[in-house]
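Inside the fold
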Amino acid sequence: MDVTFQFDWQAAIDSIPYLLEGIPWTLLISFGGLAIGFIIGIVFGLLRISPIAILRWPAIAYIEVFRGTPVLVQVLFIFYGLPQIIGGPINALTAGIAAIALNAGAYISEIVRGGVQSIEKGQREAGLSLGLSRTQAFRYIIWPQAFRRMIPALGNQGIVSIKDTSLFSVIGVGELVRQGQIYIATTFTALEVYFMVAMMYLAITLSLSFALRQIERRGLVGQ
Amino acid sequence: MNEVTHTSPKTGDHEPIVRLDKVNKHFGKLHVMQDIDLEVAPGEVVVIVGASGSGKSTLIRCVNGLEEFQGGRIVVDGNELLPNGKSGKTLQTIRTEVGMVFQQFNLFPHLSVLDNVTLAPMKVRNWPRDKALDTAHKLLARVGIEDQAEKYPSQLSGGQQQRVALARALAMEPRLMLFDEPTSALDPEMIGEVLDAMRELANDGMTMMIVTHEMGFAREVADRVIFVHGGRIVEQGPPHEVFDHPRHERTQSFLSRVLKH
Ligand SMILES: Nc1ncnc2c1ncn2[C@@H]1O[C@H](COP(=O)(O)OP(=O)(O)OP(=O)(O)O)[C@@H](O)[C@H]1O
Ligand SMILES: [Mg+2]
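Since this is a predicted model, take the numbers as computed values, not measurements.

What follows deals with the overall build of chain B. Helices and strands together make up the secondary structure of chain B, namely nine helices and ten strands. By the compact-globule yardstick of 18 Å for 261 residues, chain B fits well, its C-alpha radius of gyration being 18 Å. Sequence separation of 24 or more characterises 64% of the internal contacts of chain B that already satisfy a separation of 6 or more. Surface summary for chain B: the accessible area is close to 11,400 Å², and the carbon and sulfur share equals 47%. Both charge centroids of chain B, one from 29 positive and one from 35 negative side chains, sit 6 Å from each other.

Written out as structure tokens, the structure reads:
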């Protein structure tokens with residue numbers, strides 16, 4: 001076999017300190033966006049199953065719009081489009097976090113809806129029959145069970161959103177991919193650097209998977 | 001208690017704890033409760049029997065507002081439930097005083113047995129934890145499962161789960177207990193232990209409305225048996241009358257079917 005390329009380990013190692021500078025940004029956009037997205041998801045997921053139509057339909061509209069359009073287009077819209085409406089620039093970091101929050105929020109709304117709807121009707125009835133209010137029945141009986149069932153899907157969404165932040169190099173936030181691109185522009189070591197970038201994403205997503213597995217395992221007691 | 005008690009209100013002791021006046025309920029086109037009149041006296045044990053789909057569950061679920069009704073009046077322990085789910089806060093007041101045991105137990109799987117039993121007293125009655133725990137231990141002992149207190153529902157047999165469900169309902173110190181086929185989901189060898197706990201409760205003077213297919217138990221424990229067919233109370237009376245000398249032809253054919261095996 002003809003070896004047509006040479007993987008330069010030294011070049012890969014040399015890029016590490018530079019790439020590491022991107023990690024805080026990747027983490028900040030991912031986890032900042034996911035945290036806000038989780039709150040959005042709870043609120044809109046519950047509105048989505050409200051018996052009141054005027055609460056339900058805005059939630060449906062939001063979910064469909066943000067699930068049905070690419071996150072890249074969403075961040076471009078926020079970063080380049082929105083300033084024309086509000087009459088002032090939007091910081092790239094803010095735009096990135098907002099895009100992840102809104103996009104993940106739409107998916108998490110559906111995860112919340114599915115989780116809550118998966119709890120048997122008898123659970124709520126048992127709670128109500130004991131005199132609990134509807135809010136108490138939700139808080140002490142339905143939500144804890146629903147949340148446990150949601151953990152795997154939330155983990156998935158977390159991984160998807162972390163990877164989505166790689167697209168935000170286009171608006172110039174110095175996250176992992178952007179750092180890699182800048183570095184390659186001077187060293188021309190695309191193979192080695194993108195390999196290292198990929199490894200760093202993998203390290204982040206594997207850590208998240210591992211952490212969630214621990215939570216899930218602990219959460220399974222009593223099921 | 002040979003006759004249905006039709007005492008007037010305001011006569012103290014004899015005031016019924018449950019009163020249904022011309023209650024009507026529809027599921028779409030289906031008229032599941034048709035002008036139901038029913039009174040239950042304090043301490044009375046009423047067993048409701050009837051074929052599948054006759055409206056037994058619907059009837060007792062109206063008493064604690066798990067089902068809405070469309071016309072008539074339901075008064076529980078002096079609190080009136082309004083038609084079409086308009087009862088507001090009264091609903092919760094009634095549910096605090098009325099316990100219910102379900103066919104599928106409906107224990108809370110994420111909570112230990114003890115937490116299942118203490119949840120409502122602490123959150124609804126605002127009992128301190130010590131008092132709730134104390135009551136829970138006593139009730140679990142009473143239904144014979146005090147040694148399972150730290151376990152989770154999935155670690156118990158069906159019979160044990162249903163006894164936890166009974167203890168959970170009793171922890172709220174209800175004035176009335178509703179049972180919707182409490183033994184229908186149990187393996188035959190576990191039915192006895194649940195019926196024993198219910199029999200003991202009846203002997204202690206609890207007012208009970210029980211939907212069951214356990215005719216032997218009904219005959220022994222009921223003060224009154226009510227036969228429901230097509231959303232109406234077709235016949236009622238003491239068990240020996242209804243079971244041995246059913247007057248209505250519907251009751252006769254129902255009993256001949258269920259008593260055959
Ligand atoms: N939520 C509902 N929507 C529509 N129809 C319903 C609903 N619940 C019950 N019904 C119908 O109402 C009728 C009475 O139901 P109910 O559950 O009260 O009967 P039941 O006497 O308890 O029967 P079973 O012995 O099978 O439990 C049945 O025909 C049933 O199909
Ligand atoms: Mg039923």
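Another point: the overall build of chain A. The helix and strand tally for chain A stands at nine helices and zero strands. Secondary structure elements in chain A, listed N-terminal to C-terminal, are α-α-α-α-α-α-α-α-α. Looking at chain A as a whole, 46% of its 223 residues qualify as buried. Within chain A, residue pairs in contact and separated by at least 24 positions form 77% of the contacts whose partners lie at least 6 positions apart. On chain A, roughly 11,600 Å² of surface is accessible, and the fraction owed to carbon and sulfur atoms is 68%.

Further remarks concern the UniProt feature "domain: ABC transmembrane type-1" (unreviewed entry) in chain A. Per the UniProt annotation, the sites labelled "domain: ABC transmembrane type-1" (unreviewed entry) are residues 23-212 of chain A. Helix makes up 84% of residues 23-212 of chain A and strand makes up 0%, while its end C-alpha atoms are separated by 20 Å.

The next subject is the interface of chain B and chain A. Taken together, the 23 residues of chain B in the interface contact 21 residues of chain A. For the pair chain B and chain A, the summed buried surface comes to about 1,900 Å²; carbon and sulfur atoms form 61% of the total. At the boundary of chain B with chain A, the tally comes to one salt bridge. Arg61 of chain B is the salt-bridge partner of Glu125 of chain A, the closest N and O atoms lying 2.7 Å from each other. Here chain B is connected to chain A by seven residue pairs in polar contact (both at pLDDT 80 or more).

Time to look at the sheet that holds strand E10 (residues 232-237) of chain B. All names here are of chain B. With respect to topology, six strands assemble into an open sheet ordered E6-E7-E8-E3-E9-E10, the strand pairing being mixed. At either end of the open sheet lies a strand with only one pairing partner, and these are strand E6 (98-101) and E10. On average, adjacent strands in this sheet sit at an angle of 20 degrees to one another, irrespective of strand direction. Sitting on the sheet, helix H2 (residues 89-97) is in contact with E6 and strand E7 (176-180), with an inclination near 65 degrees to E6.

All names here are of chain B. With 14 residues, helix H4 (residues 129-142) should reach 20 Å at 1.5 Å per residue; the first-to-last C-alpha distance of 20 Å fits that figure. Turning to H4, its buried residues number three or more, namely Ala132, Leu133, Thr135, Ala136, Leu139 and Leu140. Along the axis of H4, the buried residues cluster in a sector spanning 165 degrees; they form a single face. Turned more than 90 degrees off the buried face of H4, the exposed positions are Asp130 and Lys138.

Moving on, we get to empty space enclosed by the protein. All names here are of chain B. Under the criterion given, the structure shown has two cavities of 30 Å³ or more. Estimates place the volume of the largest cavity at around 50 Å³. Considering the residues around the largest cavity, the lining is formed by Arg142, Val143, Leu166, Leu170, Ala197, Glu200 and Leu201. Residue assignment for the lining of the largest cavity shows that the elements contributing at least two residues are helix H5 (158-170) and helix H6 (188-203).

With that settled, the discussion passes to helix H9 (residues 249-258) of chain B. Residue and element names in this part refer to chain B. Buried residues of H9: Thr251, Phe254 and Leu255, and no others. Buried residues along H9 cover an arc of 95 degrees about the axis, so they all sit on one side. Structurally, H9 contributes buried residues whose contacts are with strand E3 (45-50), helix H7 (215-221), strand E9 (224-229), E10 and helix H8 (239-244).

Right, let's get into the nonpolar core. Among the nonpolar cores identified, the biggest contains 49 residues, and Leu166, Met177, Phe179 and Met208 of chain B are the most heavily contacted of them. Those residues in contact with Met208 of chain B that lie beyond four places of it in its chain are Glu44, Val45, Val46, Leu176, Met177, Phe179, Met198, Leu201 and Ala202 of chain B.

Definitions and cut-offs
- Residues numbered from 1 in each chain as written.
- Chains lettered and ligands numbered in written order.
- Predicted model: local features only at pLDDT ≥ 70, side-chain atom pairs only at ≥ 80, totals over all residues.
- Heavy atoms only, no water.
- Helix = DSSP H or I, 4+ residues; strand = E, 2+ residues; numbered from the N terminus.
- Rg over C-alpha atoms; globule rule 2.2 N^0.38 Å.
- Contact = heavy atoms within 4.5 Å.
- Areas by Shrake-Rupley, 256 points an atom, 1.4 Å probe, with all protein chains shown as cover.
- Lys, Arg positive; Asp, Glu negative; His and termini not counted.
- Charge placed at Lys NZ, Arg CZ, Asp CG, Glu CD.
- Buried < 20%, exposed > 50% of the residue type's maximum accessible area, 1.4 Å probe, protein only.
- UniProt positions renumbered as here; feature names shortened; annotations may be inferred.
- Buried area = accessible area lost by both parts, 1.4 Å probe.
- Salt bridge = Lys/Arg side-chain N within 4 Å of Asp/Glu carboxyl O.
- Polar contact = N/O pair within 3.5 Å; in protein donor to acceptor, adjacent residues only side chain to side chain.
- Pairing = 2+ DSSP bridges.
- Axes fitted to C-alpha atoms, helices over the stretch in contact; angles between N-to-C directions.
- Expected span 1.5 Å × (residues − 1).
- Arc of directions from axis to C-beta.
- 1 Å grid on protein atoms, 1.4 Å probe; cavity = no way out; pocket = protein on both sides within 12 Å on 5 of 7 lines; lining within 4 Å.
- Points joined across faces, edges and corners; volume = space filled by probe spheres on them.
- Core = buried A, V, L, I, M, F, W, Y, C linked by side-chain atoms within 4.5 Å.

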